[in-house]
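Residue-level listing of the chains:
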Amino acid sequence: MKGILGRKLGMTQVFTEDGVLIPVTVVEATPNIVLQKKNNENDGYEAIQLGFEDVKERRATKACKGHAAKANTAPKRFVKEIKADELHDLELGAEVKVDIFQAGDIVDVIGTSKGKGYNGTIVRNNAHQGPKTHGGSKNIRHIGSLATNGITSRQGKILKGTIMAGQEGGYRTTNKNLQVVKVDADKNYLLIKGNVPGPKRGMVLVRSAKCAKKAKPAPTLIDYNRSEEE
C-alpha cells in the first residue's frame, strides 16, 4: 500500500480528447516527510509515519520538535501512519511525492466530512414524514415509535442502531475506488475523478484502494499548452 497526505482545494472539470467532461477534485500534496518507521520487532506491525505541512516551532510542543528532529525536518501540522508495503524501503527523512501515483490508479480518499450540526431524522437518516391529512397525526417531522419493536421480550427497550436526531457530519469518511485522472509532479497536485470528503482546504489521505476494482486506462486529456504552441 502507498499513500500521501494532502489538501482538498476544490472541484473543477477537465475534458478528454473525445470531448467527454470529467468532474475532478484537485488535491494539493506537497512532499511528505517520513518521520518514523515502525517494524514487527519493536512495534508488532510494519508502517511508516508521514508528516505534512510545516508548522512554526513556537506553535509546536517539545515532543513534536524532538520527534521531527530525528528525521532532520521541521514539526508537522498533520501526521498519519500508512501500511508500509510499497514504501518500506524509504529511509527516515525521505520525501514522498505525488509521483508515487500514476494516471489511471484506483485510490481510496479519507477525510473528515463537513460538519452540519444537529439535524432530525428526516435530514440525517432520510426518514419518512408523518401523515399531513386533516385531523390526522401532528407527528409530521418528529421521530416515530422507538421502543415498541414488535418483539415481546424486548418491548420497552430501544435497540442499538435505531435512527434518531443528532450530530450530522464531522466524522471520518472514506470514498472508495476513485480514479486518478492526472498527476502533476512539478506543481504537486492530483486530479481525482469525482468528489472526496471534507471542505475546501481540508486535509485528506490518498492511498491505494484496499478493495480495488479492475483498473481502467487513464483518459487522454486535452493538452491546452500544446494547442497554444501549434
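Details of the structure are given in the entry above.
Q: Can you tell me about the nonpolar core, naming the residues and giving the values?
A: Judged by nonpolar contacts, the single largest core of 28 residues is most densely connected at I4, V109 and V206. If you list the elements that add at least two residues to this core, you get β1 (3-15), β4 (47-54), β7 (106-112), β10 (172-184), β11 (189-193) and β12 (203-208). No other element matches the four residues that β12 contributes to this core. Those residues in contact with V206 that lie beyond four places of it in its chain are K2, G3, I4, V27, F101, V107, D108, V109, L190 and I192. V14, V24, V26 and V181 belong to the second largest nonpolar core, which has eight residues in total.

Q: A description of a positive patch on the surface should follow, citing residues and the corresponding values.
A: Residues K80, K83, R172, K176 and K210 make up a contiguous surface patch of positive charge. At the level of elements, β5 (76-83) and β10 are the ones that each hand at least two residues to the positive patch. With respect to the helices and strands, the residue R172 is situated in strand β10. For R172, a relative accessible area of 59% gives the class exposed.

Q: Any details on the environment of Y118? Residues and values, ideally.
A: Looking at the secondary structure, you find Y118 in strand β8 (residues 118-119). Under the relative-accessibility criterion, Y118 is labelled exposed at 66%. When near neighbours in sequence (up to four residues on either side) are disregarded, Y118 contacts A165, G166 and Q167.

Q: Which residues make up the sheet that holds β10, and what are the values?
A: Within a sheet, neighbouring strands are paired by backbone hydrogen bonds and run either parallel or antiparallel to one another. With respect to topology, six strands assemble into a closed barrel ordered β1-β2-β11-β10-β7-β12, the strand pairing being antiparallel. Sheet twist, expressed as the average angle between the axes of neighbouring strands with direction ignored, equals 50 degrees. Sheet topology note: the β10/β11 ladder contains four bridges and is antiparallel. Across the sheet, the residue bridging to D184 is Y189, located in β11.

Q: I'd like a rundown of unusual backbone geometry, residues and numbers included.
A: For N72, which is not glycine, the phi dihedral falls at a positive 60 degrees. Examined against the element boundaries, N72 turns out to sit in the loop between α2 (62-69) and β5. Residue class for N72 comes out exposed when judged on its relative accessible area of 73%.

Q: Any chance you could break down the sheet that holds strand β6 (residues 95-96) for me, citing the residues and the numbers?
A: Pairing in this open sheet of four strands is antiparallel, and the strands run β5-β4-β3-β6 from one edge to the other. At either end of the open sheet lies a strand with only one pairing partner, and these are β5 and β6. One ladder, built from seven bridges, connects β4 with β5; its direction is antiparallel. Across the sheet, G51 pairs through a bridge with V79, a residue of β5.

Q: Explain the packing of aromatic side chains to me, and be specific about the residues and the numbers.
A: Scanning the entire structure with this criterion turns up one aromatic pair. With centroids separated by 6.2 Å and ring planes inclined at 20 degrees, the aromatic side chains of F52 and F78 adopt a geometry described as stacked. Residue F52 is located in strand β4, and its partner F78 is located in strand β5; the two are separated by 26 residues in the primary sequence. For F52, a relative accessible area of 2% corresponds to the buried category.

Q: Before we move on, could you go through the environment of L35 and cite the residues and values that matter?
A: Examined against the element boundaries, L35 turns out to sit in strand β3 (residues 32-38). Overall, the relative accessible area of 4% leaves L35 in the buried class. Separated by 162 residues in sequence, L35 and P197 have C-alpha atoms that sit 25 Å apart. The residues contacting L35, other than those within four sequence positions of it, are Q49, L50, G51, H67, A68, A71, T73, K76, V79 and L92.

Q: Residues and numbers for the side chain of S113, please.
A: With respect to the secondary-structure elements, S113 resides in the loop between β7 and β8. What S113 contacts, discounting residues up to four positions off in sequence, is G169, G170, Y171, T173 and G198.

Q: Can you lay out the pattern of salt bridges for me, pointing to particular residues and giving the numbers?
A: Here the structure, examined in full by the defined rule, presents eight salt bridges. Among the ionic pairs, K2 bridges to D105, the shortest N-O distance being 4.0 Å. Residue K2 is found in the segment before β1, and its partner D105 is found in the loop between β6 and β7; the two are separated by 103 residues along the sequence. One salt bridge connects D108 with R207, and the closest N-O pair in it is separated by 4.0 Å. Placement of D108 in strand β7 and of R207 in strand β12 is noted, with a sequence separation of 99 residues between them. Each member of the pair, D108 together with R207, is buried. Linked through salt bridges whose partners overlap, the residues forming this network are R7, E53 and R77.

Cut-offs applied
Residues numbered from 1 in each chain as written. Predicted model: local features only at pLDDT ≥ 70, side-chain atom pairs only at ≥ 80, totals over all residues. Heavy atoms only, no water. Core = buried A, V, L, I, M, F, W, Y, C linked by side-chain atoms within 4.5 Å. Buried < 20%, exposed > 50% of the residue type's maximum accessible area, 1.4 Å probe, protein only. Helix = DSSP H or I, 4+ residues; strand = E, 2+ residues; numbered from the N terminus. Contact = heavy atoms within 4.5 Å. Patch = residues over 30% accessible without salt bridge, like charges linked within 9 Å, V, L, I, M, F, W, Y side chains within 5 Å. Areas by Shrake-Rupley, 256 points an atom, 1.4 Å probe, with all protein chains shown as cover. Salt bridge = Lys/Arg side-chain N within 4 Å of Asp/Glu carboxyl O. Lys, Arg positive; Asp, Glu negative; His and termini not counted. Charge placed at Lys NZ, Arg CZ, Asp CG, Glu CD. Pairing = 2+ DSSP bridges. Axes fitted to C-alpha atoms, helices over the stretch in contact; angles between N-to-C directions. Phe/Tyr/Trp six-rings, centres within 6.5 Å; stacked < 30°, edge-to-face > 60°.

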